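Below, each chain spelled out in residue letters.
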Amino acid sequence: MYNNFQKHLQKELADIREAGLYKNERILTSAQGAEIKVSTGQQVINFCANNYLGLSNNKELISAAKKALDSHGYGMSSVRFICGTSDLHKELEKKIAEFFGTEDTILYAACFDANGGVFEPLMGEEDAIISDSLNHASIIDGVRLCKAVRYRYNNADMDDLEKQLKDAQAQRFRLIVTDGVFSMDGNVTPLDKIVALAEKYNSLIMIDESHSAGVVGKTGRGVTEQFNCRGKADIITGTLGKAFGGAIGGFTTGRKEIIEMLRQRSRPYLFSNSIPPLVAAAGIAMIDMMSRTNELQDKLHRNVEYFMKKIKSAGFDIKPSSSAIVAVMLYDAKLSQDFAAKLLEEGIYVIGFYFPVVPKETARIRVQLSAAHELEHIDKCVAAFTKVGKELGVLKMDTTLK
Ligand SMILES: *Cc1c(COP(=O)(O)O)cnc(C)c1O
């Protein structure tokens with residue numbers, strides 16, 4: 001039986017390779033950080049992790065996790081509603097709500113699950129979901145699981161959002177859904193305008209803060225802080241797997257009744273294990289740290305500004321960004337791959353993205369800054385970009401004079 005199926009898979013895999021879309025994994029042999037070691041023995045500076053605050057290998061978080069291992073053991077062996085809820089889970093939920101200025105929080109094994117389990121319990125066939133065209137895959141999948149009528153608006157395009165909201169007036173409830181920061185361009189969703197439209201057209205708002213929590217806003221409280229809209233989002237989802245420590249875990253935080261309903265009806269919550277207590281304990285330590293000091297956010301924001309200034313004056317074209325993601329535009333798919341490979345030879349680890357991950361003719365190198373970076377890391381990065389840029393003819397020779 002497997003024979004035919006095997007041939008079928010082998011052909012599909014070959015097609016993926018031929019299209020240049022095959023994903024290879026680079027193997028790290030060190031902890032995640034600004035400098036990492038890969039299995040070839042090479043040491044590189046890492047500019048492609050979501051380790052925005054440098055917490056993936058933070059001593060305070062590790063120590064909190066170790067303590068919880070001793071006090072609460074390794075695993076919960078249960079879903080939350082049977083016997084998988086520890087005091088640490090409850091405390092972390094409360095702290096996340098305090099962090100975002102919301103009423104309550106529900107934890108998931110990942111934000112993919114939070115998004116997968118948020119729509120179906122809340123929105124029925126009488127309702128409308130109005131979703132940004134560049135929203136994360138987990139939002140798209142979550143929306144597919146529910147019966148609400150679907151509307152889509154062009155990325156961050158408020159005229160189009162208004163048009164969709166007008167079209168959706170016949171439905172009972174409306175929910176606008178958007179990522180806080182879009183991961184390919186690093187642009188921030190225009191939340192102030194979304195709030196105004198939601199008020200005008202009577203809609204709820206959901207934001208996925210996976211790339212913005214801990215990063216955007218003066219104290220890292222995300223896009224609601226950036227646009228002075230705290231309390232205006234009905235639902236916020238996010239991950240513990242990026243700025244918030246980088247391990248695993250997701251959450252939905254927001255209005256009390258919404259969270260209460262999710263605890264009753266959200267399938268990834270009801271039918272999947274709770275996060276290990278050590279992860280909850282590290283999460284608590286992470287939020288405590290952010291409430292105590294703004295050092296890491298400040299350093300990250302300084303690093304982003306520094307990188308943008310340097311890379312621009314080196315002569316590169318970048319997308320405007322107010323997040324920790326900077327897209328260095330090369331426009332050509334093959335060039336983006338050659339460029340990234342040469343940067344790796346120079347000890348700089350970044351990823352080049354091209355169609356279909358980004359629109360045609362917009363191939364780029366995505367640079368992700370971190371509070372773990374020192375200015376000398378960034379200087380090395382810009383120097384390598386400049387060297388490779390000249391080699392590959394992206395930069396004119398005279399930019400050295402600047
Ligand atoms: C990374 C990401 C997710 C998934 O988060 P996990 O916790 O890793 O499942 C969901 N939404 C957005 C916008 C993301 O960037």
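Residues numbered from 1 in each chain as written. Predicted model: local features only at pLDDT ≥ 70, side-chain atom pairs only at ≥ 80, totals over all residues. Heavy atoms only, no water.

**Overview of the overall build of the chain**
For step 1, the next point in the chain: Helix and strand content of the chain: 14 helices and 13 strands.
For step 2, the next point in the chain: Radius of gyration (C-alpha) of the chain: 22 Å, near the 21 Å computed for a compact globule of 402 residues.
For step 3, the next point in the chain: With respect to the principal axes defined by its C-alpha atoms, the chain has extents near 60 × 60 × 55 Å.
For step 4, the next point in the chain: Evaluated residue by residue, the chain yields a buried proportion of 52% over its 402 residues.
For step 5, the next point in the chain: The contacts of the chain with a sequence gap of at least 6 include a subset with a gap of at least 24, amounting to 68%.
For step 6, the next point in the chain: When the accessible area of the chain is evaluated, it comes to approximately 19,200 Å², of which 52% is carbon and sulfur surface.
For step 7, the next point in the chain: Within the chain, one finds 50 positive and 50 negative side-chain charges whose respective centroids are separated by 2 Å. (Helix = DSSP H or I, 4+ residues; strand = E, 2+ residues; numbered from the N terminus. Rg over C-alpha atoms; globule rule 2.2 N^0.38 Å. Buried < 20%, exposed > 50% of the residue type's maximum accessible area, 1.4 Å probe, protein only. Contact = heavy atoms within 4.5 Å. Areas by Shrake-Rupley, 256 points an atom, 1.4 Å probe, with all protein chains shown as cover. Lys, Arg positive; Asp, Glu negative; His and termini not counted. Charge placed at Lys NZ, Arg CZ, Asp CG, Glu CD.)

**A word on helix α6 (residues 158–167)**
For step 1, the next point in the chain: Regarding α6, the residues found buried are M158, D160, L161, E162, Q164 and L165.
For step 2, the next point in the chain: Between the side-chain oxygen at the start of α6 and the backbone nitrogen of D159 there is a gap of 3.1 Å, and the oxygen is on D157. (Polar contact = N/O pair within 3.5 Å; in protein donor to acceptor, adjacent residues only side chain to side chain.)

**Focus: the nonpolar core**
For step 1, the next point in the chain: The biggest cluster of nonpolar side chains holds 87 residues, and the ones touching the most others in it are F244, F307, I365 and F385.
For step 2, the next point in the chain: With 10 residues, the single largest contributor to this core is helix α11 (residues 277–292).
For step 3, the next point in the chain: In this structure, this core is formed jointly by two domains, domain 1 (19–48 + 294–391) and domain 2 (59–292), each of which donates at least three residues.
For step 4, the next point in the chain: Apart from residues no more than four positions distant in its own chain, F244 is found in contact with F99, F100, A213, G214, T239, F251, M286 and M290. (Core = buried A, V, L, I, M, F, W, Y, C linked by side-chain atoms within 4.5 Å. Domains from an automatic or database assignment.)

**As for the site of the ligand**
For step 1, the next point in the chain: Around the ligand lies a shell of 13 residues, among which C111, F112, D208, T239 and K242 are the nearest.
For step 2, the next point in the chain: Measuring from a nitrogen atom of the ligand, one finds a side-chain N or O atom of H136 at 3.4 Å.
For step 3, the next point in the chain: In this structure, an oxygen atom belonging to the ligand sits 2.6 Å away from a side-chain N or O atom of K242.
For step 4, the next point in the chain: Considering the ligand on its own, with 380 Å² of exposed area, one finds that the protein chains cover 82% of that surface. (Near = heavy atom within 4 Å.)

**What about a nonpolar patch on the surface?**
For step 1, the next point in the chain: Together, Y2, F5, L9, L13, I16, L21 and Y22 give the surface a local cluster of nonpolar side chains, amounting to about 600 Å² of exposed area.
For step 2, the next point in the chain: Structurally, the position occupied by F5 is in helix α1 (residues 2–18).
For step 3, the next point in the chain: When its relative accessible area of 43% is taken as the criterion, F5 is described as partly exposed. (Patch = residues over 30% accessible without salt bridge, like charges linked within 9 Å, V, L, I, M, F, W, Y side chains within 5 Å. Salt bridge = Lys/Arg side-chain N within 4 Å of Asp/Glu carboxyl O.)

**Description of the sheet that holds strand β13 (residues 363–368)**
For step 1, the next point in the chain: Overall, antiparallel pairing links the three strands, which are arranged β10-β13-β12 in an open sheet. In this open sheet, the two edge strands, each paired with only one partner strand, are β10 (325–331) and β12 (351–353). Within this sheet the neighbouring strands show an average axis-to-axis angle of 30°, counted without direction.
For step 2, the next point in the chain: Summarising the sheet, β10 and β13 pair through six bridges and their orientation is antiparallel. Opposite M329, over in β13, you have R364 as the bridge partner.
For step 3, the next point in the chain: Running over the sheet, helix α13 (residues 333–345) touches β10, β12 and β13 and is turned about 35° from β13. (Pairing = 2+ DSSP bridges. Axes fitted to C-alpha atoms, helices over the stretch in contact; angles between N-to-C directions.)

**Looking at the sheet that holds strand β3 (residues 104–108)**
Hydrogen bonds between backbone atoms are what pair the strands of a sheet, whose relative direction is either parallel or antiparallel.
For step 1, the next point in the chain: Spatial ordering of the open sheet is given by β3-β9-β8-β7-β6-β4-β5, a layout of seven strands whose pairing is mixed. The sheet is open, and its two edges are formed by β3 and β5 (149–153), each paired on a single side. On average, each strand axis in the sheet is tilted by 20° relative to the strand beside it, whichever way the strands run.
For step 2, the next point in the chain: Alignment of strand β6 (residues 174–179) against strand β7 (residues 204–208), held across five bridges, turns out to be parallel. What sits directly across from I176, in β7, is I205.
For step 3, the next point in the chain: Where helix α7 (residues 191–200) meets the sheet, it contacts β5, β6 and β7, and its direction lies at approximately 155° from that of β7.

**Section: the domain arrangement of the chain**
For step 1, the next point in the chain: According to the domain assignment, the chain contains domain 1 (19–48 + 294–391) and domain 2 (59–292).
For step 2, the next point in the chain: Taking the mean C-alpha position of each, domain 1 and domain 2 sit 27 Å from one another.
For step 3, the next point in the chain: In this assembly, 20 residues from domain 1 lie in contact with 18 residues from domain 2.
For step 4, the next point in the chain: Across the domain 1/domain 2 interface, buried area totals approximately 1,300 Å², and carbon plus sulfur atoms make up 50% of it.
For step 5, the next point in the chain: The largest contributions to the domain 1 side of the interface with domain 2 come from N294, Q297 and I325, which together make up 34% of the buried area.
For step 6, the next point in the chain: Across the domain 1-domain 2 interface, the total number found is two salt bridges.
For step 7, the next point in the chain: One salt bridge in this structure joins D185 and K319, with 3.7 Å as the shortest N-O distance.
For step 8, the next point in the chain: On inspection of domain 1 and its partner domain 2, the count reaches seven residue pairs in polar contact (both at pLDDT 80 or more). (Buried area = accessible area lost by both parts, 1.4 Å probe.)

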